[in-house]
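Analysis of the macromolecular model
Now for the letters of each chain:
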Amino acid sequence: MASVPELGFAFSPNVLLQRHKLLVSQLHGSCLTRPPSRISTRIKNYQNPRFIANKVSKIREFRFFKSVELDQFVTSDDEDEMSEEFFEAIEELERMTREPSDVLEEMNDRLSARELQLVLVYFSQEGRDSWCALEVFEWLKKENRVDNETMELMVSIMCSWVKKYIEEERDVGDVIDLLVDMDCVGLKPGFSMIEKVISLYWEMEKKERAVLFVKAVLSRGIAYAEGDGEGQKGGPTGYLAWKMMVEGKYVDAIKLVIHLRESGLKPEVYSYLIALTAVVKELNEFGKALRKLKGYVRAGSIAELDGKNLGLIEKYQSDLLADGSRLSSWAIQEGGSSLYGVVHERLLAMYICAGRGLEAERQLWEMKLVGKEADGDLYDIVLAICASQNEGSAVSRLLSRIEVMNSLRKKKTLSWLLRGYIKGGHINDAAETLTKMLDLGLYPEYMDRVAVLQGLRKRIQQSGNVEAYLNLCKRLSDTSLIGPCLVYLYIKKYKLWIIKML
């Protein structure tokens, strides 16, 4: 149960009143008992002044403390409209000789809605009895006198208390207790207070305490609204992992979810999907870094990577894939069939980023089986990966779709296949694909034609076989995709040049 919000100030020991009162907690589904003592929080060395008859003096006293920004709640008009009954209610509540609900019940007809709001503001100030503010709000709720403005006011007050707890580095358990108290008195903000707390920790650079807060929420079984798996950030684990991911801390997000799961806690199902997305993003960034590194090697800026470094690269990627596999298993185990499509979609992206053709192809068929058809572009990307790895069977299966495609779609798919073969160095297969496109009346892009011809030309220098090159040149010439070709061959042994016009 929450202690009284101290707001960083000392307790006044001489103002204790025995009080027993039960509140129903919607967070735990059981009753909570308030502390036997209602403790009024005071500023150190502050002596509570008596209310005097002079109204101006009373207003000055009312505005003296500023634990919340009173200027946004108390205007000059409010000061003019403060009745003697308002100050009488304040004084009676300050005496703490009766329950706040009894005092308010007695003066209900004599206090305006605005004055009741100002009572909340008064007791939210530093040096005042914070519990009284909660009890006043609870009474307003029971009397159905909480309008939108009053709800917003109390939410603002509670948020200021939460923020102060965090600034003072109070124990995360105290912060959770305060959230429980909020729910007990029927405070319903239009946003997640758990996410609000995590955001406050994050913005104040108290990231380790944000993790401790999430652990405490999970271990105490505090209720929260989960996401739908299609864009919501879900509960505390998913929200914190999402915050990490937004800052590019993908590995931290992955480790957070796995650590909580392996610690015996139960993160919300959607947090596994957030972590899976982080795996995809980290693999994507890792792939970019590798391509940049290989570019430096080709340019001669750095030496070739040795076996040890290549092994470390492979291990890092394999570890990420293993994490992704575990996260997907947990998501399916706890989320059931409703998450099959989303999980396989994440796995497909993961294997594409890792360049794992066969595993990616399997996810395409898994998605199809659960009724979540992948986009045609994803089929083309997987086709290109399989072609680059010369996975003939996978290529044949993926090409089975081509028969029902229109001409534009066929050209796009075969272009991806062609580029996959070129990237993998399978030039003869690339030449066959290019020829197949010509047979279908499809014209390959200029750069694709050039890449294949250059690859075949290099093969001539290695093997001396010119047949494939000459045949392709003739086919391209027949379709007017290239002009007349002058083909020449130098036979060193005889110091002989052979030149032929195509």
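That block above? That's the structure.
From a predicted model like this one, the values you see are computed outputs, not experimental measurements.

Reading guide: rules and limits
- Residue indices begin from 1 for each chain and proceed along its sequence in written order.
- Owing to the predicted nature of the model, reporting of local features is limited to residues with pLDDT of at least 70; listing and counting of side-chain atom pairs is limited to 80 or more, with chain, interface and lining totals taken over all residues.
- Excluding hydrogens and water, the side-chain values take into account all heavy atoms of the structure.
- The working definition used for a salt bridge is a side-chain nitrogen of Lys or Arg within 4 Å of a carboxyl oxygen of Asp or Glu.
- Strands here are runs of E lasting at least two residues and helices are runs of H or I lasting at least four, both read from the DSSP assignment and numbered beginning at the N terminus.
- Residue count minus one, scaled by 1.5 Å, sets the expected span of a helix.
- A simple rule labels every residue: compare its accessible area, found with a 1.4 Å probe on the protein chains alone, to the largest value its type can have, and call it buried under 20%, exposed over 50%, or partly exposed in between.
- Each C-beta atom gives one direction from the helix axis, and the arc is the one those directions make.
- Throughout, a residue-residue contact means that at least one pair of heavy atoms, one from each residue, lies within 4.5 Å.
- One requirement defines pairing of two strands: DSSP has to find at least two bridges between them.
- For helices, the fitted axis covers only the stretch in contact; all axes are lines through C-alpha atoms, and the angles between them, taken along N-to-C directions, range from 0 to 180 degrees.
- Angles are sorted into four bins: roughly parallel if under 35 degrees, roughly antiparallel if over 145, roughly perpendicular if 65 to 115, and oblique for all others.
- Two helices cross in a left-handed way if the nearer one is turned anticlockwise from the farther one by less than a right angle. They cross in a right-handed way if the turn is clockwise.
- The set of buried Ala, Val, Leu, Ile, Met, Phe, Trp, Tyr and Cys residues whose side-chain atoms join them within 4.5 Å is what this entry labels a nonpolar core.
- Pairing of aromatic side chains requires ring centres within 6.5 Å, counting the rings of Phe and Tyr and the six-membered ring of Trp. Pairs whose planes differ by under 30 degrees are stacked, by over 60 edge-to-face, and all others tilted.

Scanning the model with the defined rule gives 30 salt bridges in all. A salt bridge links arginine 95 to glutamate 91, with the shortest nitrogen-to-oxygen separation between them at 3.5 Å. Note that arginine 95 and glutamate 91 are positioned in helix 3 (residues 84–95) at a spacing of four residues, about one turn of the helix. Overlapping salt bridges bring together Glu91, Glu92, Arg95, Arg98 and Glu106 as one network.

The terminal C-alpha atoms of helix 16 (residues 357–369), which comprises 13 residues, lie 19 Å apart, in line with the 18 Å expected from a rise of 1.5 Å per residue. Burial in helix 16 covers these residues: Gly357, Ala360, Glu361, Gln363, Leu364 and Met367. Across the axial projection of helix 16, the buried residues extend over an arc of 155°, all falling on one side. Residues Arg362 and Leu369 are exposed on helix 16 and point more than 90 degrees away from its buried face. In the core, the buried residues of helix 16 are packed alongside helix 15 (340–354), helix 17 (376–388) and helix 18 (392–399).

With that out of the way, let us pick up the pairing of strand 5 (residues 486–491). Note that strand 5 and strand 6 (residues 496–501) share six bridges and pair antiparallel. The residue of strand 6 that forms the bridge with isoleucine 491 is leucine 496.

Bringing the packing of helix 10 (residues 207–220) against helix 11 (residues 236–246) into the picture now. Interaxial distance between helix 10 and helix 11 falls to 9 Å at its minimum, and their mutual angle equals 160°. Here helix 11 runs roughly antiparallel to helix 10, going by the angle between their axes. Considering how the two elements wind past one another, helix 10 and helix 11 form a crossing that is left-handed. Two secondary-structure elements touch here, helix 10 through Ala210, Val211, Val214, Val217 and Leu218 and helix 11 through Pro236, Thr237, Leu240 and Met244.

We now examine the nonpolar core. In terms of nonpolar packing, the biggest core is built from 136 residues, with Val162, Leu187, Phe213, Leu240 and Leu327 touching the most fellow members. Setting aside residues up to four positions removed in sequence, leucine 187 forms contacts with Phe137, Met151, Met154, Val155, Met158 and Met182.

This next bit is on the packing of aromatic side chains. In the structure shown here, the tally under the stated rule is seven aromatic pairs. For the ring pair phenylalanine 86 and phenylalanine 87, a centre distance of 5.0 Å and an interplane angle of 75° mean the geometry is edge-to-face. Accessibility classification places phenylalanine 86 together with phenylalanine 87 in one group, the buried group. Aromatic pair tyrosine 201 and phenylalanine 213: ring centres 6.0 Å apart, planes at 45°, arrangement tilted. Here the residue tyrosine 201 occupies a position in helix 9 (residues 193–203), and phenylalanine 213 occupies one in helix 10, the gap between them amounting to 12 residues.

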